[in-house]
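Okay, here's what each chain looks like letter by letter:
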Amino acid sequence: MVKEDFVEIEFTLNGSPIKLEVKPNETLLDLLRYRLKLTGSKRGCNRGECGACTVLMNGKPVDSCLMLASKVNGKDVLTIEGLGSPGMLHPLQEAFIVNNTVQCGFCTPGIIMSAKALLDENPNPSREDIQEAISGNLCRCTGYLPIMEAILEASRKTSENR
Amino acid sequence: MTEAGYRLVGKSIPKTDSMDKVLGAARYTDDLEFPEMLYAKLLRTKYPHAKILRLDATRAERLPGVKAVITAKDVPFNTFGYNFKDQVVFAQDKVRYMGDPIVAVAAENEEIAEEALEFIDVEYEVLPAVFDPREALKPDAPKVHEGGNLCFHRKIRFGNVEEGFRLSDKIVEDSFSTQKMEHCHLEPHTGVAVFNDQEGLTIWTTCAMLFNVHGELARILKIPSSKIRLIHTTCGGGFGGKNEVSLEPYIALLAMKTRRPVKMVWTREEEFKGSTTRHSYFLEYKTGVKKDGTLVSREVKMISDNGAYTQLGESQITKASIFAPGPYKIPHVRVDGYLVYTNNTVGGAMRGFGVPQVTAAVETHMDHIAEILGVNPLELRLKNALESGECIATGQMLHNVQLKETLLKAGEVAGWDKPHKRETGAPHIKRGRGIACMFYPIGFTEKPNPSAAVVKVNPDGSAVVLVGSADMGQGSNTVLSQIAAEELGIPFDSIAIVSGDTKITPHCSGTVASRVTYATGNAIRRAAAKAKRMLFEIAAEELSVSTEALKLEDGSVYVKNMPEKCISIGTLASTSYQLRGKPVIATAHFNPPNTPLDPETGQGNPFPTYIYATQIAEVEVNMKTGLARVLKIIAAHDVGKAINPQLVRGQITGGILMGLGQALMEEIILKEGCTLNPNFRDYLIPTAMDAPEVDAIIVESDEPTGPFGAKGVGEASNIATAPAIINAIHDAVGIRIVELPATPEKILLALREVVKRG
Amino acid sequence: MVLLKIKPFKYFQPSSLTELLTLLEKFGGEGKIIAGGTELVVQLKTREVPPLKYIFDIENISELDYIRDEGETLRIGPIVKHRTLKASPVIREKAFILAEAVHSLATPQIRNMGTIGGNLCSASPAADTAPPLMALGAKLKIQNTKGERIVSIEDFFASVKRTALEKSELLTEIIVPREPNGYGGAFMKVGRRLGHDISLANVAVMVRLKKNLVDDVRIALGSVAPTPVRAIKTEAFLKGKEYTEKNIRRASETASTEIRPISDIRASAEYRRDVVKSLIEMSIQKAAERIRGS
């Protein structure tokens, strides 16, 4: 019987510093959903194959179901909950609403995070850039085209605002 | 409706649930949490066909943190099933497929629940098993159920096929097979059950046939259905995979035993191994044609792998049999559909319900016929396409047939008449184009399937609509609200819809069979019309006119031609309630009319109306790797009236990608009943990189029996895609794949075969 | 096999190489190293790797995270992420086929988490970084408390999913000779769809031409043998021959004799055998087109 240790981690979560203890065998997804009650990130396959659990770590998309929670120490984590708010939506969130992009919505938080990382790095992505950026996010409802169009529209809005 | 058209119908109103979803605030079933909640897991069998000799769960029961362990003996009534009651809640004497559950455990957390399964001892006696439905039909095959392996035989007899073959100039025969597929809704099966004195049993889950499962659960638990409440939560997709009883009995029994809330979430692996899958098919087609391309006679024999239990298998093969001949006028048709038990994963409903499989076959077959006759595939279809007033093989006469319109429209947009641009810039990459068309029904196959609605108008003029129809994510709540608001003449934002609650909302037969907009929409319209009549009666009294002199518009009732004489709906409603003592509540239902099929001849009117579509695929095939790339799909879909065009388009693009998966990459690989690829690494579904360009054309018509002329679209979009792609591959490289999926391996090895044969 | 939770383990996050090597010396036999975790975490969840007593996380050892340009040689630390390699101008310039391989490796999320060391140590015959490193003639530095050794990348892959690492050892550096002048290189792979897939076959080629003769060629193949392999006989066949389509085809035929593909749920041996030939032909052609100054 292995004696369980706790690992102390300190990181930034959605803009605020947070300090807590995690179990070594806890994944970031477990931590977010079950301990911190941030249920926006979803558990679709639990193997890093569907992307529904995608969050940003230091601005880059990662599969939180594969990330041991201890690894976020010293990092900057952004989840869907930290992206926009009802009065101040991110252009991606706005575009998804206005274009009726969202169907069941289970893939949506993960895809929006991947798309945000894309637009932060490449404000004028091509169709191919977008396809690649969300290639690790599965969607079964929309066939991806409405999503790609919404991302393109959001990219135009964000580059307008620069 | 005003002179300018409808206010809301036909408009792409933003869905009412998008804001929560983009903020990550939408609460799906796994996001629900209750104090003292337990976590449940299922132990499933190790063998596909075996007797259970001994079962000992005492070590699991004693594990700290385990609160309850249940098996078949804890179930008041252990059998269920929609078509036939052949499935068990827990396997008792024997297991019939690898997903059969034997034990359920509830524990303080997921870790302990998982660990508890390791402490359960089961002793099996392995039985000979059968995995090929053709083998299962043989007399000496191991029996999955006592009654034998032929579960059901659907017969369609129309005209005389032998006579038809004699009259034909050419006879073409083809064999096909289609694969078992998995829905891959991104949200796995999830449910939470709470049991207490005050409310009885409450279950939050996402099943599409909520009321059916409700009834089954009452039977299983042997308690009045009024004491069970199923609440449909925000759902992460279904596509038919969440229709039937799944995890509800387990969480119900565990909640009742422990008096604590119980949550169960299926793993992705369990989705592949233990949930329903799309039936695989072996199909044989024999068609007699005239030289000029006129179809004379068509005979179809098909064998469908039911898996170990039926669920909706019989309705499915009946539907498949009706559509097996394709959307064509054929004077002589004979179809034999055999639904066969095996020890494989259970076949259930999956988007299209048998029709994607038969359409893949018949539309590839049609292309083969076109090739043999030297006829343009579009022309062949136009020549034989069903039209209004024609009969299908069940003898039903069709109305409002839009098939030719979709063929012509798709052909026009694709430039089918113009020479096809074939240059690709590389000699080993070949481009091709393929066409396929289809038709599909609205509503259940040959059985009553009503939807009911309640409309309550509040004193401030807003309205609450209660419907049983679950929103599986496709946006029915929004579309139904549009219909309600349009009918009541009030703003869209004034409608609140309560859907999918077996205690509060009236009955709905299910979010299946592309029926919700049509059936529930009609029910809402009827109920809203009744509510309007009540309001008109009050208005007539107040304004001293007859009800005929009134019209409703923009939230008020007016005297026609005297707009200054008007009363707001709110005032009318409060007058009715507060002054006359009559709350404005109206109830109505709608049952899509159909008649059962004759068991010997398949004659009858199985559906109230049909939708039509044509898809044209443009594909590039890499001759060195076999990889097919779908460049573009042009899809012309008849939906009746599109209540919300953006949502219709979303269904079309989504369905097309699912059809692309069926064509090129999806397949549950079973070996000796064991699923070898129960994950997304090896059961491949299309990603964004696989997405083609799509030109989605909504071909509108006015369906007289539908709400504001609407029919439906949910399943139609994934039916013509696979054969369009298969036909395009043939056009590109001259090989016809008749065993789906057309993987790069199959295509490459077929190309090599052609070269070998010289 | 149910798949939600990882069983508990004792977790070490050493911050120096010395600390790690000492841990491996003591406990290496009962534990595993984790970098990005994209593979190990899945294996632990599926119990493909049985519950571990120890896990040694090496991502905090900053001395293992570097890309050093020493002119003719590049030195890469094992915990460098695929995304870093993809974005590195040095890798692009001096080890182009490695950049090409990581460009579309797996998904963006996996590229942001996974490391080159992890990819190599998985010893999957399909590992996408292996063929380019092999074609570049990479060597690997392996260390334990007692010292270090350098092995060729061929020797590093012992058999299916097994490396030459002992339980007390760590892969500490990937030493990559830069692409020499006059060479062109290409990396190609094949999957079951356009979206990412485990490679059914992957190939890396480096070629140098003199007049129209193949002066030097290196061909590394993945997913067609128990380990990634150099097609030595094929290279020998091509060297000195005229660079013609016919000779390239004959070379790919020769490669058939150097591989032992298997049939699994992803592809049959027959398909792998066929498609790897095409990949070799296409890679050689692409590589030749890319020769600098040609």
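None of these values were measured; they are calculated from a predicted model.

A.B. asks: What is the right way to look at the overall build of chain A in this model?
C.D. replies: Secondary structure assignment for chain A yields 5 helices and 5 strands. Starting at the N terminus and ending at the C terminus, chain A contains elements arranged as β-β-α-β-β-β-α-α-α-α. Taken over C-alpha atoms, the radius of gyration comes to 16 Å for chain A, in line with the 15 Å a tight globule of 162 residues would show. The 162 residues of chain A split such that 63% are buried. For chain A, contacts bridging at least 24 residues in sequence account for 60% of all contacts bridging at least 6.

A.B. asks: Would you take a moment to explain the overall build of chain C for this structure?
C.D. replies: The helix and strand inventory of chain C stands at 12 helices and 14 strands. In summary, chain C has a C-alpha radius of gyration of 19 Å against a globular reference of 19 Å for 294 residues, a match within 12%. For chain C, the spread of C-alpha atoms along the principal axes amounts to about 60 × 45 × 30 Å. Here chain C holds 294 residues, and the buried ones make up 55% of them. A fraction of 66% describes how many contacts in chain C between residues 6 or more apart in sequence connect residues 24 or more apart.

A.B. asks: What am I meant to see in the interface of chain B and chain A here?
C.D. replies: Think of interface size as the accessible area that goes away when the parts come together; that is how it is often given. With 42 residues of chain B in contact, the opposing surface of chain A contributes 42 residues. Of all elements in the fold, only helix H1 (18–23) and helix H16 (645–664) of chain B reach the threshold of two or more residues within the side of chain B that touches chain A. Top element by residues in the side of chain B that touches chain A is H16(B). It accounts for 7 residues. Looking at side-chain class alone, the side of chain B that touches chain A contains 19 nonpolar, 16 polar and 7 charged residues.

A.B. asks: Just to check I follow, could you spell out the pairing of strand S11 (residues 183–190) of chain C for this structure?
C.D. replies: Both faces of the sheet carry side chains from a regular strand, because those side chains alternate between them. All names here are of chain C. Most of S11 sits inside the fold, with 8 of its 8 residues counted as buried. Of the two faces of S11, the one lined by Tyr183, Gly185, Phe187 and Lys189 and the one lined by Gly184, Ala186, Met188 and Val190 are each fully buried. Relative to strand S12 (residues 201–210), S11 is paired through 8 bridges, and the arrangement is antiparallel. What sits directly across from Gly185, in S12, is Met206.

A.B. asks: So what exactly am I meant to see when it comes to the nonpolar core here?
C.D. replies: Most often, soluble globular proteins keep nonpolar side chains buried together rather than apart. Residue and element names in this part refer to chain B. Counting residues in each nonpolar core, the largest one holds 398 residues, and the members touching the most others are Ala40, Ile251, Leu254, Leu535, Ile725 and Ile729. Considering every element that reaches this core, the biggest residue donor is helix H14 (residues 516–543), with 13 residues. The residues contacting Leu535, other than those within four sequence positions of it, are Val457, Val557, Ile569, Leu572, Ala573 and Val584.

A.B. asks: Would you mind going over the sheet that holds strand S23 (residues 495–499) of chain B with me for this structure?
C.D. replies: By way of backbone hydrogen bonds, the strands of a sheet pair with one another, either parallel or antiparallel. All names here are of chain B. Taken together, the 4 strands give an open sheet; going across it, the order is S23-S22-S21-S27, and neighbouring strands pair in mixed fashion. Sheet topology places S23 and strand S27 (584–590) at the edges, where each strand pairs with a single neighbour. Strand-to-strand, the axes of this sheet are offset by a mean angle of 15 degrees, without reference to chain direction. Here strand S22 (residues 463–467) runs beside S23; their pairing, made up of 5 bridges, is parallel. Looking at S23, one finds that Val467 is bridged to Ser499. Across the face of the sheet, helix H13 (residues 476–488) comes into contact with strand S21 (451–457), S22 and S23 while running at roughly 135 degrees to S23.

A.B. asks: How do you make sense of the interface of chain B and chain C when you look at a structure like this?
C.D. replies: Contacts between chain B and chain C engage 28 residues on the former and 22 residues on the latter. Looking at the side of chain B that touches chain C, the elements with two or more residues in it are helix H3 (110–117) and helix H18 (744–757) of chain B. Ranked by the residues each element gives to the side of chain B that touches chain C, the list is headed by H18(B), at 5 residues. Among the residues forming the side of chain B that touches chain C, the class breakdown is 11 nonpolar, 5 polar and 12 charged.

A.B. asks: I tried to follow the domain arrangement of chain C on my own but got confused; where do I start?
C.D. replies: All names here are of chain C. When its domains are assigned, chain C resolves into domain 1 (10–57), domain 2 (62–177) and domain 3 (183–289). Using C-alpha coordinates to define each centre, domain 1 is positioned 19 Å away from domain 2. The partner domain 2 presents 20 residues to the 15 residues of domain 1 that form the contact. The element contributing the most residues to the side of domain 1 that touches domain 2 is helix H1 (residues 17–27), with 6 residues. Among the residues forming the side of domain 1 that touches domain 2, the class breakdown is 6 nonpolar, 7 polar and 2 charged.

A.B. asks: Help me understand the confidence of the model for chain C, please; the structure alone is not making it clear to me.
C.D. replies: Segments scoring low in pLDDT should not have their predicted coordinates read at a detailed level. The predicted model of chain C averages 95 in pLDDT, with 98% of residues at 70 or higher. Model confidence for the complex: the whole-complex pTM is 0.97, and ipTM, which rates the interface, is 0.97.

A.B. asks: What is the right way to look at the domain arrangement of chain A in this model?
C.D. replies: Residues and elements named next belong to chain A. By domain assignment, chain A separates into domain 1 (7–82) and domain 2 (91–160). Between the C-alpha centres of domain 1 and domain 2 there is a distance of 21 Å. With 15 residues of domain 1 at the interface, the matching set in domain 2 holds 13 residues. Mapped by element, the contributors of at least two residues to the side of domain 1 that touches domain 2 are strand S3 (54–57) and strand S4 (60–63). A total of 3 residues in the side of domain 1 that touches domain 2 trace back to one element, the largest contributor, which is S3. A per-class count over the side of domain 1 that touches domain 2 returns 7 nonpolar, 6 polar and 2 charged.

A.B. asks: In this structure, what is going on with the packing of helix H11 (residues 245–256) of chain C against helix H12 (residues 269–289) of chain C? I would like to understand it.
C.D. replies: How two helices sit against one another is set out by the angle between their axes and by the gap between those axes. Residues and elements named next belong to chain C. Contact geometry of H11 with H12 gives a least axis separation of 9 Å together with a crossing angle of 140 degrees. Viewed along their axes, H11 and H12 adopt a mutual orientation that is oblique. The two elements H11 and H12 meet at a crossing, and its hand is right-handed. Here Ile248, Arg249, Ala251, Ser252, Glu253, Ala255 and Ser256 of H11 come into contact with H12, specifically with Arg273, Val276, Lys277, Ile280, Glu281, Ile284 and Gln285. Residues of the contact of H11 with H12, tallied by class, amount to 6 nonpolar, 3 polar and 5 charged.

A.B. asks: Explain the environment of B:Gly348 here, please?
C.D. replies: Residue and element names in this part refer to chain B. Along the chain, Gly348 turns up in strand S19 (residues 347–348). Taking the C-alpha atoms as reference points, Gly348 and Gln311, separated by 37 residues in sequence, lie 5.8 Å from one another. What Gly348 contacts, discounting residues up to four positions off in sequence, is Gly240, Asn243, Glu244, Thr276, Thr277, Gln311 and Leu312.

A.B. asks: I would appreciate a short explanation of the packing of helix H10 (residues 355–373) of chain B against helix H11 (residues 377–384) of chain B in the present structure.
C.D. replies: Residue and element names in this part refer to chain B. Closest axis-to-axis distance for the H10/H11 pair is 9 Å, and the angle between their directions is 110 degrees. The angle between H10 and H11 places the two elements in the roughly perpendicular class. Along its contact with H10, which presents Met366, Asp367, Ile369 and Ala370, the element H11 presents Pro377, Leu380 and Arg381. Across the contact of H10 with H11, the residue classes break down as 5 nonpolar, no polar and 2 charged.

A.B. asks: What am I meant to see in H16(B) here?
C.D. replies: The terminal C-alpha atoms of H16(B), which comprises 20 residues, lie 28 Å apart, in line with the 28 Å expected from a rise of 1.5 Å per residue. Within H16(B), 18 of the 20 residues are buried, which leaves the element mostly enclosed by the surrounding structure.

A.B. asks: What am I meant to see in the sheet that holds S12(C) here?
C.D. replies: Residues and elements named next belong to chain C. Read across the sheet, 4 strands follow the order S11-S12-S13-S14 without closing on themselves; strand pairing throughout is antiparallel. The open sheet has two edge strands with one neighbour each: S11 and strand S14 (229–230). As defined by bridge partners, S12 adjoins strand S13 (residues 213–222) across 9 bridges and the pair is classed as antiparallel. Its bridge partner lying in S13, Val205 is registered against Ile219. Contacting S11 and S12, helix H5 (residues 96–103) crosses the sheet at an angle of about 20 degrees to S11. Contacting S11, S12 and S13, H12 crosses the sheet at an angle of about 35 degrees to S12.

A.B. asks: Mind showing me how you'd approach helix H2 (residues 91–98) of chain A here?
C.D. replies: Note on helix geometry: an α-helix contains 3.6 residues per turn, so any two residues three or four positions apart are oriented the same way. With 6 of its 8 residues buried, H2(A) lies for the most part within the structure. Looking at the packing, one finds that the buried side of H2(A) touches helix H3 (108–121) and helix H5 (145–160) of chain A together with H1 of chain B. Phi turns positive one or two residues past the end of H2(A), at A:Asn100, with a value near 55 degrees.

A.B. asks: In this structure, what is going on with the pairing of strand S5 (residues 73–76) of chain C? I would like to understand it.
C.D. replies: Residue and element names in this part refer to chain C. Here S5 shows a buried face lined by Leu74 and Ile76 and an unburied face lined by Thr73 and Arg75. With 3 bridges connecting them, strand S4 (residues 67–69) and S5 associate as antiparallel partners. Note on S5: the bridge partner recorded for Ile67 is Ile76. In textbook terms, the turn of a hairpin is the stretch between consecutive antiparallel strands, and for S4 and S5 this stretch comprises 3 residues, one of which, Gly71, has a positive phi near 85 degrees.

The rules we used
- Position numbers for residues count from 1 along each chain, tracking the sequence in the order it is written.
- By the order in which they are written, chains take letters starting at A while ligands take numbers starting at 1.
- Totals for whole chains, interfaces and linings use every residue, but because this is a predicted model, local features are given only for residues with pLDDT of at least 70 and side-chain atom pairs only at 80 or more, for both listing and counting.
- Labels follow the DSSP assignment, with helices taken as runs of H or I lasting at least four residues and strands as runs of E lasting at least two, numbered in each case from the N terminus.
- For the radius of gyration, the atom set is restricted to C-alpha positions; the globular benchmark scales as 2.2 Å times the number of residues to the power 0.38.
- We call a residue exposed when 12 or fewer other C-beta atoms sit within 10 Å of its C-beta, buried when the count reaches 20 or more, and partly exposed for counts in between; the C-beta positions come from the backbone.
- Placing a C-beta atom from the backbone of each residue, one calls two residues in contact when those atoms lie within 7 Å.
- Three categories are distinguished: nonpolar for Ala, Val, Leu, Ile, Met, Phe, Trp, Tyr, Cys and Pro, charged for Asp, Glu, Lys and Arg, and polar for the others, with Gly belonging to the last.
- Strands are treated as partners if at least two bridges between them are detected by DSSP.
- Connectivity within a nonpolar core runs through C-beta atoms within 7 Å, and the core itself is a set of buried Ala, Val, Leu, Ile, Met, Phe, Trp, Tyr and Cys residues.
- For every element, the axis is a line fit to its C-alpha atoms; helices are fit only across the contacting stretch, and the angle between N-to-C directions ranges from 0 to 180 degrees.
- In this document the domain limits rely on a domain assignment from an automatic tool or a database.
- The pLDDT value expresses, per residue, how confident the predictor is, ranging between 0 and 100.
- These descriptions rest on fixed angle ranges, namely under 35 degrees for roughly parallel, over 145 for roughly antiparallel, 65 to 115 for roughly perpendicular, and the rest for oblique.
- Note: crossing handedness is left-handed where the near helix turns anticlockwise from the far helix by less than a right angle, and right-handed where it turns clockwise.
- The span you would expect from a helix comes to 1.5 Å times its residue count less one.

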